[in-house]
Every structure is written in C-alpha cells, then in structure tokens.
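Structural overview
One-letter residues, chain by chain:
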Amino acid sequence: METLGETLSKHGFFFKKKFGQNFLTDKNLLDAVVRDAGVDENTAVLEIGTGAGALTRALSERAKRVVSYEIDASLRPVLAETLSGCANVEVVFRDFMKEDLPALERELGEYAVVANLPYYVTTPVVLRFLEEAERCRGITVMVQEEVALRFCARENTPEYGAITAAIALKGSAQITRRVPRTAFTPRPNVDSAVVHVAFTGGVEADPRAYREAVKCAFSSRRKTLENNLMARFSLSREGAKELLRAAGIVDGARGETLSPADFARLSALIAPYLK
Ligand code: SAM
C-alpha cells in the first residue's frame, strides 16, 4: 500500500503553504470527525478543502452525497486516484470563497459543513456560514486549537470575541476532540481541535441589528461600549448611557463583558438607528 507521500510525489504534487495545505491520514481520526458531525446516509455534506481526499473518502462512506471544494487544481490527478470508486462525491476545483452560496444551497438542500479548514481562511469561511447560510444545519470544522477556544469562549474571558458572539446568534459551539500537530503532513507549528457548531437554539434577535451591536462593541477593544456606541451612532454621552441602561448593561461595560443575551437586548434598542 502506497503512503500519502508516495501518491503525492508520483503525481508531482508539492505542498503549498499559501493554501494552508496540512493533510490528514489517520483513518480512525477521520471516522471520528465524521461521527462528531452526525453524518448519516441522509446527510448532504459540503466540504471545503479536499486536499488529498482522506476526509472526503471517510465522509463518502457515511453520507448521502459530498460536494467538496478544492482551490488547487494540481490535486486533480491525486484525487482521481484517492477518490476512485466514491460515486457520491463531487469535487469542485474552485475557490469556495468566490462561490455563490445561495445557488449552492438550492442545489444541496439541507446540508452539513465538515472540513479540515485551511488556517488562512478559517474565520471568513465560518463567518460566511454564520451570516449567509440558510439551509446549513451546522458546521464541524478542524481549526487551530486557539481558534477553537475562541469559538467556544464565555464572556469575560480573553478568548471571547466577535466570532463567539456571532456563533451564539445561530446556535452553540463545542470542542469535540483535540488533534495534535503530529497528525498532519506536513506538521504545522500548532495543535488543532475539532469544533461542532450546531445551528439551533441561538439567541432571539434581529440578525442585522445583532451583528451591528457586536461589530460596534468590538470595533475598538480599548474603548468602553459607551464610547463605541457614541462613535458608531453619533450619540451624545447621555444618549449612549441611556441606551445601555435600557438594555440593562452596566456602566463601563466592554464588548468582551457582554453575554449573547446582552447583545440581543442591545440590538433591539439600536435597531431604530440603523439605516
Ligand atoms: N481535507 C484535507 C485533509 O483533511 O487532509 C485537506 C485539508 S488542508 C488543511 C486544506 C485544503 O483546503 C487544502 O487542500 C487547500 O488547497 C484547500 N483550500 C485552501 N483555500 C481554499 C479555498 N478558498 N477554497 C477551496 N479550497 C481551499
């Protein structure tokens, strides 16, 4: 049996750092990720970053269908070999960030995202699903451990930030497993973790106003929320204080001290200021 390295070099493939290419091979780990995602024979899966196809193959064994995006067309001959016989897999050789998500959703119906994400686009990819997806039931992604901790953070901790609050609008995140750097080829400088974000049970709020409230609160981390509100909505100091009092938020609060429920109350009060 050929090793991954042998298959790749046979096809003249070389790793490209700019695409965040760190591949997995451990079949037990890959099967566990597929289980973490709750994939079964009724699930349509969207994968971002096919790589050499190891996760794609594990998904293909459990899912109804897998649509997998890969930006690097030089992987085409590798994937023709590693995914041979996977009849329910379609690999699309395009930049996922440039795809028309609504059109893709119309084609997929309800789907789950499962991916070992390239680190350089982790946040934009996750934000894209949080903000634009309508038929996604959840995302299960392998990311740098530090990023995974941010996704799952509680308010009043250094890890809590705009992405944590954005996740709370859609549902909730939990780390399902830690993955040491030794599991990847080539080996990265940091460890990773798998995070499952279920898109159910998020806080009740108008999405646009909630996102504005989060953006405003984290626009300058050094400033208090009061100062950020004044700058963002041209409010007087008294006007900003009044708004915060009405939302039940204490004086001197900063973005990282606000719970998702605080953001939801604040969003209802700033909605009239949005054009
Ligand atoms: N899924 C494979 C695995 O687990 O071994 C590969 C994971 S590797 C971390 C990320 C993959 O995403 C790379 O193959 C890279 O070329 C691809 N990629 C990077 N940016 C992308 C983009 N914008 N759209 C689609 N694929 C991308």
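Owing to the predicted nature of the structure, the values given are computational and were not obtained by experimental measurement. (Residues numbered from 1 in each chain as written. Predicted model: local features only at pLDDT ≥ 70, side-chain atom pairs only at ≥ 80, totals over all residues. Heavy atoms only, no water.)

1. Digging into the domain arrangement of the chain
Basically, it comes down to this: Domains are outlined according to an automatic or database domain assignment. Contact definition: two residues touch when any of their heavy atoms are within 4.5 Å. Take the accessible area each of two parts loses on contact, using a 1.4 Å probe, and add the two losses: that sum is the buried area.
For the chain, the domain assignment lists domain 1 (4-198) and domain 2 (207-273). Each of domain 1 and domain 2 has a C-alpha centre, and the two are 34 Å apart. Counting residues at the interface gives 11 residues for domain 1 and 13 residues for domain 2. For the pair domain 1 and domain 2, the summed buried surface comes to about 980 Å²; carbon and sulfur atoms form 62% of the total.

2. Focus: the nonpolar core
Where we set the bar: Put simply, buried Ala, Val, Leu, Ile, Met, Phe, Trp, Tyr and Cys residues joined by side-chain atoms within 4.5 Å make one nonpolar core. Think of it in three bands: residues with accessible area under 20% of the maximum for their type are buried, residues over 50% are exposed, and the middle band is partly exposed, with areas taken using a 1.4 Å probe on protein chains only.
Within the largest apolar cluster, 34 residues are counted, with the highest numbers of intra-cluster contacts made by Leu46, Ile48, Tyr111 and Phe129. Excluding residues that lie within four positions of it along the chain, Tyr111 makes contacts with Ala44, Leu46, Leu101, Glu105, Phe129, Ala133, Arg135, Cys136, Arg137 and Gly138. Counting 30 residues, the second-largest nonpolar core is a separate cluster that includes Leu29, Val78, Leu83 and Phe93.

3. Some thoughts on the pairing of strand E4 (residues 89-92)
Condition: A pair of strands is treated as paired once DSSP finds two or more bridges between them. Strands are runs of DSSP state E lasting at least two residues, helices are runs of H or I lasting at least four, and both sets are numbered from the N terminus onward. We call a crossover right-handed when, viewed with the strands running away from us, the connection from the first strand over the helix to the second turns clockwise.
Where strand E3 (residues 65-69) meets E4, 4 bridges bridge the pair, whose relative direction is parallel. Its bridge partner lying in E4, Ser68 is registered against Val91. The handedness of the E3 to E4 crossover, carried by helix H4 (residues 76-82), is right-handed.

4. Structural notes on the layout of surface pockets
What counts here: The pocket and cavity definitions rest on a 1 Å grid over protein atoms only: a 1.4 Å probe that fits but cannot leave marks a cavity, an open set with protein on both sides within 12 Å along at least five of seven lines marks a pocket, and residues lining either have an atom within 4 Å of a point. Grid points are joined across faces, edges and corners, and a volume is the space filled by probe spheres set on the points. Ten residues, namely Ala, Val, Leu, Ile, Met, Phe, Trp, Tyr, Cys and Pro, are considered nonpolar, four, namely Asp, Glu, Lys and Arg, are considered charged, and the remaining ones, Gly among them, are considered polar.
Roughly 790 Å³ of internal volume is contained in the largest pocket. Lining of the largest pocket is provided by 43 residues; of these, Phe19, Gly20, Gln21, Asn22 and Pro118 occupy positions nearest its centre. Mapped onto the lining of the largest pocket, the elements with two or more residues apiece are strand E1 (23-24), strand E2 (44-48), helix H3 (54-62), helix H6 (122-132) and strand E6 (136-144). If you tally residues by element for the lining of the largest pocket, the top one is E6, at 3 residues. When the residues that make up the lining of the largest pocket are grouped by side-chain class, the tally is 24 nonpolar, 12 polar and 7 charged. A volume near 450 Å³ is recorded for the second largest pocket. Lining the second largest pocket are 18 residues, with Met1, Leu4, Ala54, Arg57 and Thr82 sitting closest to its centre. For the lining of the second largest pocket, the secondary structure elements donating two or more residues are helix H1 (4-10), helix H2 (27-36), H3 and H4. Top contributing element to the lining of the second largest pocket by residue count: H3, with 4 residues.

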